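Residue-level listing of the chains:
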Amino acid sequence: MRMEELLPGCKVDIRIIQLMEKDEIDAAQGIYYTSIFDVTKDGIELQMPMVGGRLQLLPKNIRYEFIFSTSTGLYKAQGTVRDHIKKQHFYLLKIELTS
């Protein structure tokens, strides 16, 4: 995956990997939908996902699977949430991709 293809506004599906491996939840649960807010040299900032009209705070240091929907196709990567931040009245997740 080339980082140039990840642009603000691209849709992102987030799936919790660690909980799925432990069989604690169904495969259909733990999927969150959001979009890219910004791509910087420090990492990727995603908008905090919303479920039922409420912000869903994703825990840090848990492995997630990210599926990025771009104009050239779908890209899949694994990573973790490094930080929760507020920027320009938006609640964001700062993520680090590991694969």
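Look up: the structure comes first, before these words.
Residues numbered from 1 in each chain as written. Predicted model: local features only at pLDDT ≥ 70, side-chain atom pairs only at ≥ 80, totals over all residues. Heavy atoms only, no water.

Colleague: Please explain the nonpolar core as it appears in this structure.
Modeller: The nonpolar side chains of a soluble globular protein tend to be buried, and buried together. If you look at the biggest cluster of nonpolar residues, it comprises 18 residues, and the most contacted ones within it are Ile 14, Ile 36, Leu 46, Phe 66, Phe 68, Leu 93 and Ile 95. Counting only elements with at least two residues in this core, the list comes to β1 (11-16), β2 (31-40), β3 (43-47), β6 (63-70), β7 (73-87) and β8 (90-97). In contact with Ile 14, not counting residues within four places along its chain, are Gly 30, Ile 31, Tyr 32, Thr 34, Leu 46, Leu 58, Tyr 64, Glu 65, Phe 66 and Leu 93. (Core = buried A, V, L, I, M, F, W, Y, C linked by side-chain atoms within 4.5 Å. Buried < 20%, exposed > 50% of the residue type's maximum accessible area, 1.4 Å probe, protein only. Helix = DSSP H or I, 4+ residues; strand = E, 2+ residues; numbered from the N terminus. Contact = heavy atoms within 4.5 Å.)

Colleague: Could you clarify how one ought to interpret unusual backbone geometry in this entry?
Modeller: A negative phi angle is the norm for most residues apart from glycine, just as the trans form is the norm for most peptide bonds. A positive phi angle is found at Gln 88, which is not glycine, with a value near 55°. Checked against the element boundaries, Gln 88 lands in the loop between β7 and β8. Judged by relative accessible area, Gln 88 falls into the exposed class, the value being 58%. Positive phi values are uncommon outside glycine, yet His 89 reaches one of about 65°.

Colleague: For this particular structure, what's the right way to read the sheet that holds β2?
Modeller: Strand pairs in the sheet, formed through backbone hydrogen bonds, run parallel or antiparallel to each other. Sheet architecture is closed into a barrel: six strands sit in the order β1-β2-β3-β8-β7-β6, paired in antiparallel fashion. On average, each strand axis in the sheet is tilted by 45° relative to the strand beside it, whichever way the strands run. When β7 meets β8, the two strands line up antiparallel, connected through eight bridges. Residue pairing in the sheet places Thr 80 in a bridge with Glu 96 of β8. (Pairing = 2+ DSSP bridges. Axes fitted to C-alpha atoms, helices over the stretch in contact; angles between N-to-C directions.)

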